[in-house]
Amino acid sequence: MDLQLDEDLLTPESLTAWIRQLGIHLDLRELDAMPARPLVFSEYRLTPPAIIIYRYKPLEEWLNLMCQRHAGYYGPWYYLHAAFRLYFHLELNGLYEIERKWHHRCFHRLETLEERAYRFAREILGTQYDPARFDREVEKNFQPG
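All values derive from a computational prediction rather than experimental measurement.

Visitor: Would you take a moment to explain helix α6 (residues 131-141) for this structure?
Guide: Count 3.6 residues to each turn of an α-helix, and residues three or four apart come out pointing the same way. Looking only at α6, the buried set comprises Pro131, Ala132, Phe134, Asp135, Glu137 and Val138. Along its buried surface, α6 packs onto α2 (60-71), α3 (78-92) and α5 (113-125). Of the residues that open α6, the one with a side-chain oxygen 3.0 Å from the backbone nitrogen of Ala132 is Asp130.

Below is the structure:
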């Protein structure tokens, strides 16, 4: 099944509507605590289909700033993870898979589910940079010393 890029999906509300239309429960959990190591900002559960986003309220503004600087996305940071986890549902259920061309195979790109999910999030949300960059930078800031 091929999915057309829908310009309406560039806004979080339409992404949320698409997730719900697919029968996936979107659970946005607001936590008053700081995250523990290892950092977990989202999960995908196959049965029943659910995307769980962990929003750490003390970090919310900082995460939005990091999202703008390192992903080039100006919506709420957690929509990067919502789109990322949506791809897990699409591929694992055989609904959609990012096309891997010959050059991707030659240079070992898009080999993992995570790499394809980040590419999907970038295309759906129209981010300036790879959303994986956001996750790497956030992770780097939580390294000891």
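Visitor: Is there a simple way to explain the pattern of salt bridges in this structure?
Guide: Pairing of side chains with opposite charge becomes possible as their charged atoms draw close. The final tally for this structure, using the stated rule, is eight salt bridges. Here Asp27 ties to Arg29 by a salt bridge, and the two come within 2.7 Å at their closest N and O atoms. Among the residues examined, Asp27 registers a relative accessible area of 18% and is labelled buried. The shortest N-O distance in the salt bridge between Lys57 and Asp32 comes to 3.4 Å.

Visitor: Looking at this structure, I do not really get the pairing of strand β3 (residues 50-56). What am I missing?
Guide: Side chains on a regular strand alternate between the two faces of the sheet. Of all the seven residues making up β3, seven are buried; the element is thus mostly covered by neighbouring parts of the structure. What you see with β3 is no split at all: Ala50, Ile52, Tyr54 and Tyr56 on one side and Ile51, Ile53 and Arg55 on the other are buried throughout. Bridge analysis of strand β1 (residues 25-31) against β3 gives seven bridges, and the strand direction is parallel. For Leu26, the partnering residue across the bridge sits in β3 and is Ile51. Sheet topology places strand β2 (residues 42-45) next to β3; four bridges connect them, and they run antiparallel. Opposite Tyr44, over in β3, you have Ile51 as the bridge partner. Hairpin connection between β2 and β3: a loop of four residues separates the two successive antiparallel strands.

Visitor: Can you help me understand the nonpolar core in this one?
Guide: One recurring pattern in soluble globular proteins is that nonpolar side chains are buried together. With 43 residues, the main nonpolar core has Leu15, Ile19, Ile51, Leu86, Phe120 and Phe134 as its most contacted residues. For this core, the elements supplying multiple residues, two or more each, are α1 (12-21), β3, α2, α3, α5 and α6. Top contributing element to this core by residue count: α3, with ten residues. Apart from the residues within four sequence positions on either side, Phe134 is in contact with Leu63, Met66, Cys67, His70, Ala71, Trp77, Leu80 and His81.

Visitor: How do you make sense of the environment of Arg45 when you look at a structure like this?
Guide: For Arg45, the location among the structural elements is in strand β2. Under the relative-accessibility criterion, Arg45 is labelled partly exposed at 38%. Residues Arg45 and Phe88, spaced 43 residues apart in sequence, show a C-alpha to C-alpha distance of 9.3 Å. Excluding residues within four positions of it along the chain, Arg45 makes contact with Ala50, Ile52 and Tyr54. A polar contact is formed between the side chain of Arg45 and the side chain of Glu43, at a distance of 3.3 Å.

Visitor: Please clarify how the environment of Glu61 should be interpreted in this entry.
Guide: Among the structural elements, Glu61 can be located in helix α2. Taking the C-alpha atoms as reference points, Glu61 and Pro76, 15 residues apart in sequence, are found 9.4 Å from one another.

Visitor: Help me understand unusual backbone geometry in this model?
Guide: A negative phi holds for most residues other than glycine; trans holds for most peptide bonds. Cis geometry is adopted by the peptide bond preceding Pro38, which originates at Arg37 and carries an omega value of -5°. For Pro38, the position within the fold is in the loop between β1 and β2. With an omega of -20°, the peptide bond running from Thr47 to Pro48 counts as cis. Note that Pro48 resides in the loop between β2 and β3.

Reading guide: rules and limits
- Residues numbered from 1 in each chain as written.
- Predicted model: local features only at pLDDT ≥ 70, side-chain atom pairs only at ≥ 80, totals over all residues.
- Heavy atoms only, no water.
- Buried < 20%, exposed > 50% of the residue type's maximum accessible area, 1.4 Å probe, protein only.
- Helix = DSSP H or I, 4+ residues; strand = E, 2+ residues; numbered from the N terminus.
- Contact = heavy atoms within 4.5 Å.
- Polar contact = N/O pair within 3.5 Å; in protein donor to acceptor, adjacent residues only side chain to side chain.
- Salt bridge = Lys/Arg side-chain N within 4 Å of Asp/Glu carboxyl O.
- Pairing = 2+ DSSP bridges.
- Core = buried A, V, L, I, M, F, W, Y, C linked by side-chain atoms within 4.5 Å.

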